[in-house]
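What the coordinates show
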Amino acid sequence: THDIILYRDGKTILKAPIDPATGMRQRMVAGSFTDHAIINNLNPGAYTWKVQAVDQYFKASELSVTGSFIFLPPPPLGKDTIVYRCGRNVTITATGTDIRWYSDRAMTNLIATGDFHPDKSQVVYVTQKIDGYEGIPRRIAITILETPPQPVTNAPITFCKNYSGPLYLTATGTDIRWYGDVNKNQLLSSAPYLNVAAADQTFYVTQTLAGCESVPIPVSVTKTVIDTEIYST
């Protein structure tokens, strides 16, 4: 087994039953670690460390030479996102400190700091900087679409020529809107369904996501004429 002593700015932050100056064991116990050590909740910055091996009789080695490493900040909070533009400026944010956006994983091409305003779909890498240390990049895929996809409908609707009852048009999506014209000037309903009379006509339906309305999809209602004559041979 072995024990590790971890230092930050000359202060011991991970201790062991060891005199940190001489390496003398203060208790006859096994070391705290075996083949590797996982140390969580470190603040970003530079660290130094020493290790001491302990045999099965609790006899210890000399303290090792000093090792060092830099603990980088974790990636900021962010995720792949789909944005519907609708003629608006796009703003992408990440949660962290001193946010930086790069076009490459090697972080050689800085394209924005703070909020990011992309004008096209792309993959970017975002970091945060804490106490002068820039952290590990997070990959974020940004997809920019002009409008949301159209809703799914039960179109086309047909009815027999002698039918005079109501017809029900349905659409599946978010924030459904029915219109009487393709230019969306005549709003008929904001429900997932529309009750209409049996007549040859066309309606238009959209869905709205994140404040952006889709292109309307036509839903046609047509009369079906059936030949009622029966023929036999």
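Look above for the structure.
Structural notes, computed from the coordinates. Everything quoted here is computed from the prediction, not taken from an experiment.

Cut-offs applied
- Residues numbered from 1 in each chain as written.
- Predicted model: local features only at pLDDT ≥ 70, side-chain atom pairs only at ≥ 80, totals over all residues.
- Heavy atoms only, no water.
- Salt bridge = Lys/Arg side-chain N within 4 Å of Asp/Glu carboxyl O.
- Helix = DSSP H or I, 4+ residues; strand = E, 2+ residues; numbered from the N terminus.
- Pairing = 2+ DSSP bridges.
- Axes fitted to C-alpha atoms, helices over the stretch in contact; angles between N-to-C directions.
- Phe/Tyr/Trp six-rings, centres within 6.5 Å; stacked < 30°, edge-to-face > 60°.
- Buried < 20%, exposed > 50% of the residue type's maximum accessible area, 1.4 Å probe, protein only.
- Lys, Arg positive; Asp, Glu negative; His and termini not counted.
- Polar contact = N/O pair within 3.5 Å; in protein donor to acceptor, adjacent residues only side chain to side chain.
- Contact = heavy atoms within 4.5 Å.

Concerning the pattern of salt bridges
- In this structure the tally under the stated criterion is 7 salt bridges.
- For the salt bridge of Arg 177 with Asp 175, the shortest nitrogen-to-oxygen distance reads 3.3 Å.
- A salt bridge links Arg 177 to Glu 213; the shortest N-O distance between them is 3.9 Å. In this pair, Arg 177 is assigned in strand β15 (residues 177-179) and Glu 213 in strand β20 (residues 212-213), connecting sequence segments 36 residues apart.

Let's talk about the sheet that holds strand β6 (residues 100-102)
- Taken in spatial order, the 5 strands of this open sheet run β5-β11-β8-β6-β7, and their pairing is mixed. Where the open sheet ends on each side, the last strands, each with one partner, are β5 (81-84) and β7 (110-113). The mean inter-strand angle of the sheet, taken between neighbouring strand axes irrespective of direction, is 30°.

Considerations on the packing of aromatic side chains
- According to the stated counting rule, one finds 2 aromatic pairs in the structure shown.
- Residues Tyr 47 and Phe 69 carry aromatic rings whose centres are separated by 5.4 Å and whose planes lie at 15° to one another, so their mutual orientation is stacked. A residue pair is termed long-range when its members are at least 10 positions apart, and Tyr 47 in strand β3 (residues 45-53) and Phe 69 in strand β4 (residues 67-71) qualify at 22 residues.
- With a centroid separation of 5.3 Å and 25° between ring planes, the pair formed by Trp 101 and Phe 116 is classed as stacked. Separated by 15 residues along the polypeptide, Trp 101 in strand β6 and Phe 116 in the loop between β7 and β8 (122-127) bring together distant segments of the chain. Accessibility assignment for this pair places Trp 101 and Phe 116 in one class, buried.

Observations concerning the side chain of Asp 104
- Mapped onto the secondary structure, Asp 104 falls in the loop between β6 and β7.
- For Asp 104, which is buried and forms no salt bridge, the nearest opposite charge comes from Arg 105, at a distance of 9.3 Å.
- Among the polar contacts listed, one links the side chain of Asp 104 to the backbone nitrogen of Asn 109, at a separation of 3.1 Å.
- Apart from the residues within four sequence positions on either side, Asp 104 is in contact with Asn 109 and Tyr 125.

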